[in-house]
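Chain by chain, the residues:
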Amino acid sequence: MNIPRAVGEMPGSPLHDVVTGIAFGGDYNPEQWSLEVWEEDIRLMREAQVSLVTVGVFSWGEIERADGEWEFEWLDTVLDMLHEAGIAVDLATPTASPPIWLHQAHPDILPMDARGIRFHQGGRLQWCPSSPVWREYSTRVARVLAERYAVHPAVRMWHVSNELGGGNRRCYCPVSSAHFRRWLADRYGTVDALNAAWGTAFWGHRYGSFDQVTAPLDSESGHNPGLLLDFDRFSSDALLAQFRAERDTLRAAGVTTPITTNLMIKPEPAVADYASWAPELDVIANDHYTISRDPHRERELSFSADRTRGLAGGGQWLLMEHSTGAVNWQVRNRSKSPGELIRNSIQHVARGADGALFFQWRASRAGGEQFHSAMVPHAGTRTRIWREVVQLGEILRAIGEVAGTRVERADVAILVDDIAGWAWQAGGKPLNGYPIWADAPRWHACFNELGIPADVIPRTGDLDGYRLIVIPGVYLVDAALASRIADAARHGAVVAVTATSGIVDETNAVILGGYPGAFRELLGAFAEEFLVLQEHEDTALDDGGRAVDWTASVEVENAETIVSYADGPLRGRPALTRRSVGAGAAWYLSAQPDDATLATVVARVVADADVRGRFAAPEGVEVVRRSGRGERYLFVINHNAHEISLEVHGHELIAGIDVGPTLTVAGGSVAVVREG
Ligand code: GAL
């Protein structure tokens, strides 16, 4: 029997006062449509069982038509209509798109690029986060909105701006430069400390005072990697300060409901240091779009969802945006195949999302996103997409009782870090443009193949209790993190370090004495030199494996060689080493393995850590467990075109039937079983 529960009984979910069950809906932009369309929208939202919509994201120009001239009638009407229909609102501060009149009056709020050229009006996120003029106008609109709607019964959550940094990640204007200098003075105290940190003796770039520093405007031969990394940190902090300013304004004006902003979490380094942002958000919210050209889109989705949960400390989060079909910002924008939007949503929910929202509710006729898919397509409701939207609404209602439960903690942690990715991107490297962050999803996919869940955690994550900790392509590791990782090994964890991890410290300077300096002692081995391979080259390993792209000449000090290079200049030298450390062990993979080789490396470390698969799933089937309140829920997502079966006993919530000992799931379908 399906036992619906009131969300109030589910402490823990940051959404428990926002909606009942799993939130379902999307960005709703009624300002693009007439009253008749709003009426149809409400009717269709009810038909699809929509429970939460984000309103007002890009509406500034429609609520403040000219400086200080407010126009709220339309928004009052929309919010009242939504409330009457029982649909909760996540109300946005509209600061992602400043109105034309503001840019006309204050062009100096526009950001400047690295060539020193200012952007122009139009587009979105066209503002410099360090501008005091911008801060004044943006917090004013937030305050006026909050004063009017903080107590509106429909408004259950607030959404600050939109994808901060998604169009204005770095601003190089003089105001930003001055702000950067203050930020540096706070960080370093003295200019000598800054010179030491950046190693400015190189090319004689010594600064005589903080006043001499500027944002890293283009210089033909490239900038100091320490400067570039600090500018990225600063830029993240400047955007976070804008988030805080808007959030604090909302609170001061009476908002008591959760406040969030939508992050953009994927395998690549993010536009901001989300590990430092996460504690500032009441709900971790993510926008996720699959990439058309990626043949393993569903794997990348799983990884990014797990990464999002890692930022939520393993708890629940909200999928703020994804798409029902094609986006319009890739080159070949692929639509989703039948069932894919449902599988995608359920993948996110399986991995801890307590809501699945889309961009956007109704496809726009005009404007820059007119060919972006939506819940209501251009063709209307006699469409496959609409039918699947309605079906998804039904599925999410049926599984509502999982809201507030947590994904079971894994035995394996994969550590990722945006700042480490930026450090790699700053300055010339042995293998330029190489996506070292792609190691993490590759390891994640191998674990999933084995039925082994893996948490993806930020550098601030808790390492306690993991049996296996992977440090994949985490180029920058500071001393504090290195020592936490070494402690975890001493206390029993098996730690696996890949070739490009732990090379530089927090200043982006190389840790001397052999790579990877952050882990040399822990690994009992070091690389004296990187030997990067050319695109057509590979190197054999003596266990039958192959290395591609990256190898290193390793000296073993105090470790066992498990696999050696079998040809080329490194023939006979260690490629994979292991050292026993206290109750645990440390593995060092100095070579970049091809896929098959990585699978064998994963099998070795998994065996060493004595980690067992939790799910015996057929190939192409994703299985995840959430649990809480004494119940366990098994999510089964069949990415295959054919039917599969799996051993499980319990009640399948979507079909509302008891299952066991075998559950069959049709090709491309999903199942959610309350076990027992
Ligand atoms: C997101 C953004 C939305 C919409 C969407 C299109 O990045 O937040 O407003 O533009 O992309 O995919």
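Residues numbered from 1 in each chain as written. Predicted model: local features only at pLDDT ≥ 70, side-chain atom pairs only at ≥ 80, totals over all residues. Heavy atoms only, no water.

So, the sheet that holds strand β27 (residues 650-652)
Then step 1. Spatially, β12-β24-β25-β30-β27-β28 is the arrangement adopted by the six strands of the open sheet, whose pairing is antiparallel. Looking at strand neighbours, the two that pair on one side only are β12 (406-407) and β28 (657-659), the edges of this open sheet.
Then step 2. Where β12 and strand β24 (residues 621-628) come together, two bridges link them in antiparallel fashion. Counterpart to R406 in the pairing with β24 is S627. (Pairing = 2+ DSSP bridges. Helix = DSSP H or I, 4+ residues; strand = E, 2+ residues; numbered from the N terminus.)

What about the pattern of salt bridges?
Then step 1. For the structure shown, the criterion picks out 46 salt bridges.
Then step 2. Of the charged contacts in the structure, one is a salt bridge between D248 and R247, with a shortest N-O distance of 2.9 Å.
Then step 3. The closest approach of N and O atoms between R442 and D595, which form a salt bridge, is 2.8 Å. In this pair, R442 is assigned in helix α14 (residues 439-449) and D595 in helix α17 (residues 595-609), connecting sequence segments 153 residues apart.
Then step 4. Relative accessible area serves as the criterion here: at 22%, R442 is assigned to the partly exposed category.
Then step 5. Taking relative accessible area as the criterion, D595 reaches 57% and is therefore assigned exposed.
Then step 6. A network of salt bridges, in which partner residues are shared, links E408, D411, R614, R625, R632 and E675. (Salt bridge = Lys/Arg side-chain N within 4 Å of Asp/Glu carboxyl O. Buried < 20%, exposed > 50% of the residue type's maximum accessible area, 1.4 Å probe, protein only.)

Looking at the packing of helix α5 (residues 132-149) against helix α8 (residues 225-252)
Then step 1. Between α5 and α8, whose axes approach to 8 Å, the crossing angle comes to 30 degrees. When the axes of α5 and α8 are compared, the crossing they make is right-handed. Touching W134, R135, S138, T139, A142, R143 and A146 of α5 are A238, A241, Q242, A245, E246, T249 and L250, all from α8.
Then step 2. Class assignment for the residues of the contact of α5 with α8 results in seven nonpolar, four polar and three charged. (Axes fitted to C-alpha atoms, helices over the stretch in contact; angles between N-to-C directions. Left-handed = near helix turned anticlockwise from the far one by under 90°. Contact = heavy atoms within 4.5 Å. Nonpolar A, V, L, I, M, F, W, Y, C, P; charged D, E, K, R; others polar.)

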